[in-house]
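Overview (structure and organization)
One-letter residues, chain by chain:
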Amino acid sequence: MNGPGFATVLKRWYTNNFRDLPWRRTRDPYAIWVSEIMLQQTRVETVIPYYERFLARFPDVAALARACEADVLSAWSGLGYYSRARNLRRAACQIASTGSFPRGYESILALPGIGAYTAAAVASIAFGEPRAAVDGNVLRVLSRIGNDSSDIGSTASKAAFQSQADRLLDRKDPATFNQAMMELGATVCLPRSPLCLLCPVSSFCEGRKQGTANQLPVKLRKAAIDEVKMTVAVVESAGRILMWKRESRGMMAGFWELPEAGLLSALKERRAAGAFTHTIMNRRYRVQVIAGRLGKAPPRFQWIALENISAIPVSTIARKALAKCPS
Ligand code: SF4
């Protein structure tokens with residue numbers, strides 16, 4: 001094929017079209033790491049305000065290592081997948097004890113909560129290490145470019161796609177190349193309708209040429225969604241909300257929750273306050289929210305002043321339910 005190669009064309013497009021996101025204005029490995037962890041399973045628009053608040057509160061690894069877990073969880077509160085925040089703090093403690101941020105891919109990968117994609121992203125963007133970072137967006141681009149219908153969920157295919165990305169990688173400028181691949185997947189090579197007419201690398205794309213891009217990537221195993229119905233109660237008394245705190249072990253350890261309505265037989269002035277759905281992994285919660293009043297807190301529950309709720313870790317379900325009852 002004549003003309004500039006894949007990486008050159010892709011990088012030129014990225015340089016002229018990239019979205020100016022806060023974590024793209026830095027080469028600080030800590031800031032890049034925080035952004036990559038927050039972006040796992042979470043949309044860019046949601047992450048931006050959390051990222052900015054988090055870095056203002058914990059500006060470097062030492063600040064995060066000094067923080068108590070409850071403070072870190074409260075800064076994360078609403079982003080979901082809280083093991084990410086716990087691992088971030090655990091890793092910060094490890095880094096702080098060694099004195100500096102690990103520089104190589106392998107040592108970054110050894111930190112708690114960091115997988116191959118995140119280690120490659122941090123190593124390439126912060127330190128210029130030539131490692132292709134392959135996340136879901138990049139897998140989709142690769143499967144379409146190569147017109148490859150192998151199952152992107154299988155370990156063998158993932159390894160093959162990683163090799164393909166390593167071959168395409170611009171080893172002299174892996175930071176720009178990796179970010180350009182992610183940006184292409186996020187803004188042009190979209191899951192349902194790829195914008196092939198706007199695509200800078202369409203002349204390299206076998207999926208477009210063969211007319212198969214819309215059917216790619218192939219993902220065979222799909223976990224069944226488990227539906228869970230629940231009703232929670234927002235019980236207010238004199239500017240305080242009735243809540244309970246989870247044990248310090250297990251799922252959502254240390255988080256504050258609203259009571260399930262079935263536990264409050266004495267609830268007075270019950271009224272429906274709304275409904276929402278919330279999905280965690282392969283479980284979808286259908287949540288009804290009721291509001292009401294109670295004279296005194298039953299055992300296990302505590303009254304939390306409304307103005308203190310933003311300072312404690314509150315589960316996303318409780319946060320969404322509280323939003324249905326603005327006081
Ligand atoms: S040509 Fe279309 S399918 Fe191929 S990489 Fe570009 S947007 Fe994706």
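What follows is about a nonpolar patch on the surface. Taken together, Leu195, Leu197 and Leu198 make up a surface patch of nonpolar side chains, about 370 Å² in accessible area. You can see leucine 198 is positioned in the loop between helix 11 (174-187) and helix 12 (206-210).

Neighbouring the ligand are Arg144, Ile145, Val188, Cys189, Pro194, Cys196, Cys199, Ser202, Cys205, Arg208 and Ala213. With respect to the detected pockets, the ligand is housed in the largest cavity. Of the residues belonging to the shell around the ligand, the class tally is eight nonpolar, one polar and two charged.

Okay, the domain arrangement of the chain next. Once the domains are mapped, the chain shows domain 1 (6-215) and domain 2 (226-323). Here the C-alpha centre of domain 2 lies 34 Å away from the C-alpha centre of domain 1. The interface of domain 1 with domain 2 comprises nine residues on the first partner and 14 residues on the second. In total, domain 1 and domain 2 occlude about 810 Å² of area from one another, counting both sides; carbon and sulfur atoms represent 56% of this. Per-residue buried area on domain 1 facing domain 2 is highest for Ser77, Tyr81 and Tyr82; these three make up 48% of the total on that side.

Take empty space enclosed by the protein next. The gaps of empty space that remain are located by a probe, the size of a water molecule, rolled over the atoms. Throughout the structure, instances matching the rule amount to one cavity of 30 Å³ or more. Empty space within the largest cavity amounts to approximately 120 Å³. In terms of lining, the largest cavity is formed by 15 residues, of which the most central are Cys189, Pro194, Cys196, Cys199 and Cys205. Considering each element in turn, the lining of the largest cavity owes the most residues, three residues, to helix 9 (residues 136-145). Of the residues contributing to the lining of the largest cavity, the split by class is 12 nonpolar, one polar and two charged.

Another point: the packing of aromatic side chains. Counted by the stated rule, this structure contains 10 aromatic pairs. Between tryptophan 33 and phenylalanine 101 the ring centres are 5.8 Å apart and the planes differ by 70°, which places this aromatic pair in the edge-to-face class. Here tryptophan 33 is found in helix 2 (residues 29-39), whereas its partner phenylalanine 101 is found in the loop between helix 6 (83-98) and helix 7 (105-109), with 68 residues between them in sequence. The class of tryptophan 33 is buried, set by a relative accessible area of 1%.

Another point: the nonpolar core. Within soluble globular proteins, side chains that are nonpolar generally end up buried alongside one another. By size, the foremost hydrophobic cluster in this structure holds 76 residues, and its most contacted members are Trp33 and Phe54. At eight residues, the largest contribution of residues to this core is made by helix 8 (residues 116-127). Excluding anything up to four places from it in sequence, phenylalanine 54 contacts Tyr30, Val34, Met38, Leu64, Val72, Ala75, Trp76 and Leu88. Counting residues in hydrophobic clusters, the runner-up holds 22 residues, among them Met230, Val232, Val234 and Val314.

What counts, and where the lines are drawn
Residues numbered from 1 in each chain as written. Predicted model: local features only at pLDDT ≥ 70, side-chain atom pairs only at ≥ 80, totals over all residues. Heavy atoms only, no water. Patch = residues over 30% accessible without salt bridge, like charges linked within 9 Å, V, L, I, M, F, W, Y side chains within 5 Å. Areas by Shrake-Rupley, 256 points an atom, 1.4 Å probe, with all protein chains shown as cover. Salt bridge = Lys/Arg side-chain N within 4 Å of Asp/Glu carboxyl O. Helix = DSSP H or I, 4+ residues; strand = E, 2+ residues; numbered from the N terminus. Near = heavy atom within 4 Å. 1 Å grid on protein atoms, 1.4 Å probe; cavity = no way out; pocket = protein on both sides within 12 Å on 5 of 7 lines; lining within 4 Å. Sits in = over half its atoms within 2 Å of the grid points. Nonpolar A, V, L, I, M, F, W, Y, C, P; charged D, E, K, R; others polar. Domains from an automatic or database assignment. Contact = heavy atoms within 4.5 Å. Buried area = accessible area lost by both parts, 1.4 Å probe. Points joined across faces, edges and corners; volume = space filled by probe spheres on them. Phe/Tyr/Trp six-rings, centres within 6.5 Å; stacked < 30°, edge-to-face > 60°. Buried < 20%, exposed > 50% of the residue type's maximum accessible area, 1.4 Å probe, protein only. Core = buried A, V, L, I, M, F, W, Y, C linked by side-chain atoms within 4.5 Å.

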